[in-house]
Structure formats: C-alpha cells, structure tokens
Amino acid sequence: MARKTLTWTMTTMLSLGLVLSGCSSSTTESASSPQPAKETAKAAGESAQPAKKVTIKMMHLWPTGNSATQNKIVNDIIKEYQTANPNVTIEQEVLENEQYKNKMKVLSTSNALPDVGFTWAAGYMDPYVKGDMFAPLDDLLQGDLKDKFVNGTTNAYAFGGKTYGLPVELNIVPVYYNKAIFAKYNLQVPKTYDEFKNVVKTLSSNGVAPIALGNKDRWTGSLWYMYLADRIGGPETLKKAIDRSGSFNDPGLVRAASEITQLVDMNGFNKGFNGLSNDEGKAEFMNSKAAMYMMGTWELPNYTTNKDVPQAFKDQIGFFKFPTVDGGKGNLDSWVGGPGVGLFVANNSKVKEESKKFVSFFVQKWGEHAISEAGVIPATKVDTSKVKLPQMYIDLLNELNKASNITLFADVQMKPASAEVHLNMIQALFGKAVTPEEFAKKHEEALAKEGK
C-alpha cells in the first residue's frame, strides 16, 4: 500500500456521520464448502453429535479485478478453514477500497457490521471503538497468537489498554542506498549519526546529492523527523507528546527538529526538494543522482522483482537501519512504520467466538501466504528459512523479527487538525521558515487545542 494512500485513509475517516450515497458495484461471494453428509462416529460406544452449523459474514476490500493476488489468498485461506471446520460457512462481500469505507460508515449507523471485516488503525478505528462496535481481541493475543506479531505492530489497534484489531500487513522504513556511489567515494554504511553526517559531507562536497527527498508531500520529511525523535528521545517521547502524557517542548523533540535544519544546511538533500513530490524526489535516486532514499518497504519490488527496473540498478541497491545518535535514548532496532489493514470482529456478532477463531486462523495463514505470493510483508513474524524470496526481503524480515519497537507514522497517530499542523510544520522546518522551538510550539498548541 502506498504511504500517501495510507495517510489519507488514517487521517480522514474519523467521522461516522450518515452517508447518503449508496455503495454500488459491490460483489458478494460465497466461499462455502459443500454441505457435508451427516457423519457418525463412535467413541466409547456413543455417537458423536455433528457440530452446529455456523455462517460467518466477512467483508473485505480485495476484488478480483485490481487485487487478484490478495483475493486468491483470502479464498485459499477460507477454503482451508472450511475444510478443517465443515460446519462453518464463510460468506464474503468484496468491495473496492472507497466503496468499502463507505459501506462501513453506512453499516455503522445501524450497528450492523459484518461478523469479520477489515479496519485501518489509530484514528480510523477510534469512532468504531468508542461506539462499542469492535470486540476486544486480547484473548487471541494471549492464546494462539501469543508472540506471533512483530513487536509494536498491534499497538496502533489498542485503545484504553484493549486491542480491537489484528494487523495483517506491515511497512517499515529503511534507508536505501546506492552501493556503487558509496564505493566510488570509499564510504561505509553508517552505524552512528555522526558517521551518517560524515557520509553526507563527503557526498555533498563531491557534487552528489546525498539524500533523495520529495517533501512537497510533507509526510516524506516527517519520516526523517520521526527517526531523529526516536533516536534522540527514545520511542516513547513522540508518542507521549501526541497522546498528551508528554509535551512537544521536550528537549529531545526540539533537538530532533534542530538536526533537520542542520541536514538542510549541509546540503543533505537534492535541489528543490521542498517543491518536489515524492515521485519526483524518488526519481533522483532511481536515476542514480542521489545516494540515499529513505522510504517504506512498499518500495522493495523496485529493488528486487520489478521487471521495469534494470537489473544492473537493482543489484546496486542495499539498505541500512537509521543510525543511533550518540547520547540518545533510541536503539538501532526501533523502526518507524506502520501496519496496513487489520481484522476486526463485530462486538454484536451472533457468532462472535467462531469469528474470533477464524480471525486467529486467518492472521496466521496470511503470514504464510502474503510474503511469498504477494510480496506483502505481514505483521506476523516470518520464518525466513521456509520461504524463497529475494535476499533484501529476507534481510528485512530478519530485522523485523528482532525489532524492539515500531513507531506509527506521526500524522497517523494525530487527529486530523493536528496532523495537518504537523505536516505543514514539517515542510516549514525543512524550508527553514520556522525555528526548532517554533516548530515544537506550534505542535504543542495544536495538540492541546484538540485535547488529544
């Protein structure tokens, strides 16, 4: 999923007002298995009673037309579940992304959500949770799914100490780099931020753009700020500032902003970066005009399997984790990123317990299929010894398996008005239109006003 789409989804779908327009072109599919003949089995001289028949209504957003691979995976998982549980029938309703969101809003007005469906994290979920429409799923996390998820991935689905959704997808943000450019200037992958700044200085002094960035989209610059906030203040500092148990005036958050202005002063980014879109900034990296590009793992196909990208270029690309800052509280295994969609169970479902069992099964099976069949990194841990993938996938999955933390994209954590202030301030900071102190003050004012 593209990050731009993810951001729009997370930050604009908070209201549960009535939707007057209908949801056309939906597809209803039944993945039911044939009705089994009545079976009798004798145990201790008594006949076993057949299990009670159960129908689970599921709604998802992967139509055959534009999401054929994901659609196939869903159907394969359902068939496998029904084979193992012949008393269960899963009825599907499949809609494309925007229709799905509209249908969710319509169904919520009468509290008639499907037994199982998909949700986005954080802000999108908030009104559904407050409306008591999603069932808590913590029992699953303490049961069959215990220790199955990458650390931190379920946090974005938690409210008030309870977890209301289980993610199936995950994106993290590494720093991709051009190994040929690094070799030309005898540069090594930096482990510390001081080493990173020396890389930037060397490249800039030789007329090479150190970092590709298109900050017209603003969230792209936020990734840099978030990592610096994490490495300097630790993974909880930014989160606490947003949830109001802390403050954006925290010295670590102000220093992170100051480091951004220093990178700008060092000519760390390609020319005109603040007026370029992400795609335009990325082109600098794809054309080998910039040495580094920090972006989500949705870019992995461009460096591994995309047939439209020359193999010679793909062979030059590696990645590294955002370096640690001397004296900072963050560690190398803490990532910026976020989950994609996750599964929910309707709180008023008449088949809630069976729906939970299916959700637990689905999450585990999705993890097995998604990475190898769709190139989608799942939110559950992957045993890389059992999958055949390009080495960069393997390396990133191994890193994910030992992740200490996943910090959700800042604008996704915030309510819409605060998120807009954050994104505007990011662009102003990179453009040196505000000082680090002003940057922090504007955030603090916006968050306090919204009463997060």
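Residues numbered from 1 in each chain as written. Predicted model: local features only at pLDDT ≥ 70, side-chain atom pairs only at ≥ 80, totals over all residues. Heavy atoms only, no water.

A. Structural detail: helix α8 (residues 219-233). The end-to-end C-alpha distance of α8 is 20 Å, a good match for the 21 Å that 15 residues give at a rise of 1.5 Å each. Burial analysis of α8 places 15 of its 15 residues in the buried class, the great majority of the element. Immediately beyond the C-terminal end of α8, within one or two residues, lies glycine 234, with a positive phi of roughly 95°. (Helix = DSSP H or I, 4+ residues; strand = E, 2+ residues; numbered from the N terminus. Expected span 1.5 Å × (residues − 1). Buried < 20%, exposed > 50% of the residue type's maximum accessible area, 1.4 Å probe, protein only.)

B. Expanded view of the sheet that holds strand β12 (residues 209-211). Ordered in space as β12-β13-β11-β14, the four strands form an open sheet in which the pairing is mixed. Across the chains shown, the open sheet's two edge strands, defined by having one partner strand only, are β12 and β14 (317-320). Sheet twist, expressed as the average angle between the axes of neighbouring strands with direction ignored, equals 25°. As defined by bridge partners, β12 adjoins strand β13 (residues 290-294) across two bridges and the pair is classed as parallel. Its bridge partner being in β13, isoleucine 211 is matched across the sheet by methionine 292. (Pairing = 2+ DSSP bridges. Axes fitted to C-alpha atoms, helices over the stretch in contact; angles between N-to-C directions.)

C. Structural view of the packing of aromatic side chains. Overall, the coordinates contain 33 aromatic pairs when judged by the stated rule. Ring geometry for tyrosine 227 against phenylalanine 322: centres 4.9 Å apart, planes inclined by 0°, an arrangement best described as stacked. Within this pair, whereas tyrosine 227 is found in helix α8, its partner phenylalanine 322 is found in the loop between β14 and β15 (334-339), the two being separated by 95 residues in sequence. Classification of tyrosine 227 by relative accessible area gives buried; the value is 0%. One aromatic cluster is present, formed by Tyr193, Phe196, Trp224, Tyr227, Phe269, Phe273, Phe322 and Phe430 through successive ring pairs. Across from the ring centre of tryptophan 120, 5.7 Å away, lies the NZ or CZ of lysine 101, which sits over that ring. (Phe/Tyr/Trp six-rings, centres within 6.5 Å; stacked < 30°, edge-to-face > 60°. Lys NZ or Arg CZ within 6 Å of the ring centre and 35° of its normal.)

D. Representation of the environment of tyrosine 393 in the model. You can see tyrosine 393 is positioned in helix α14 (residues 391-401). Separated by 16 residues in the primary sequence, tyrosine 393 and isoleucine 377 have C-alpha atoms spaced 8.5 Å apart. Residue contacts for tyrosine 393: discarding those within four places in its chain leaves Leu300, Pro301, Thr304, Ile371 and Gly375. (Contact = heavy atoms within 4.5 Å.)

E. Fine view of the sheet that holds strand β17 (residues 405-408). The sheet built from three strands is open, its strands ordered β10-β15-β17 with mixed pairing. The sheet is open, and its two borders are formed by β10 (170-172) and β17, each paired with just one other strand. Averaged over all pairs of adjacent strands, the angle between strand axes in this sheet comes to 45°, irrespective of strand direction. Contacts from α8 reach β15 and β17, with the element oriented near 130° to β15.

F. Representation of helix α16 (residues 416-430). Taking 1.5 Å per residue, 15 residues should reach 21 Å; α16 reaches 21 Å between its end C-alpha atoms and fits that length. Residues of α16 that are buried: Ser418, Ala419, His422, Leu423, Met425, Ile426, Ala428, Leu429 and Phe430.

G. Here's a closer look at the packing of helix α10 (residues 251-265) against helix α17 (residues 436-450). In the contact formed by α10 and α17, the axes pass within 8 Å of each other and the chain directions differ by 130°. Taken together, the axes of α10 and α17 are oblique relative to one another. Where α10 crosses over α17, the two elements pack in a sense that is right-handed. Here α10 contributes Val254, Ala257, Ser258 and Thr261 to the contact with α17, which in turn contributes Pro436, Glu437, Phe439 and Ala440. (Parallel < 35°, antiparallel > 145°, perpendicular 65-115°, else oblique. Left-handed = near helix turned anticlockwise from the far one by under 90°.)

H. Geometry of the pattern of salt bridges. A full pass over the atoms with the stated rule returns 18 salt bridges. Between glutamate 98 and lysine 101 there is a salt bridge, and its shortest N-O distance comes to 2.6 Å. Placement of both glutamate 98 and lysine 101 in helix α3 (residues 97-108) is noted, with a separation of three residues, approximately one turn of the helix. Residue lysine 101 is classed as buried on the basis of its relative accessible area of 1%. Arginine 255 is the partner of glutamate 259 in a salt bridge, and the nearest nitrogen-oxygen pair spans 3.6 Å. In this pair, glutamate 259 and arginine 255 both sit in helix α10, four residues apart, roughly one turn of the helix. When its relative accessible area of 35% is taken as the criterion, arginine 255 is described as partly exposed. (Salt bridge = Lys/Arg side-chain N within 4 Å of Asp/Glu carboxyl O.)

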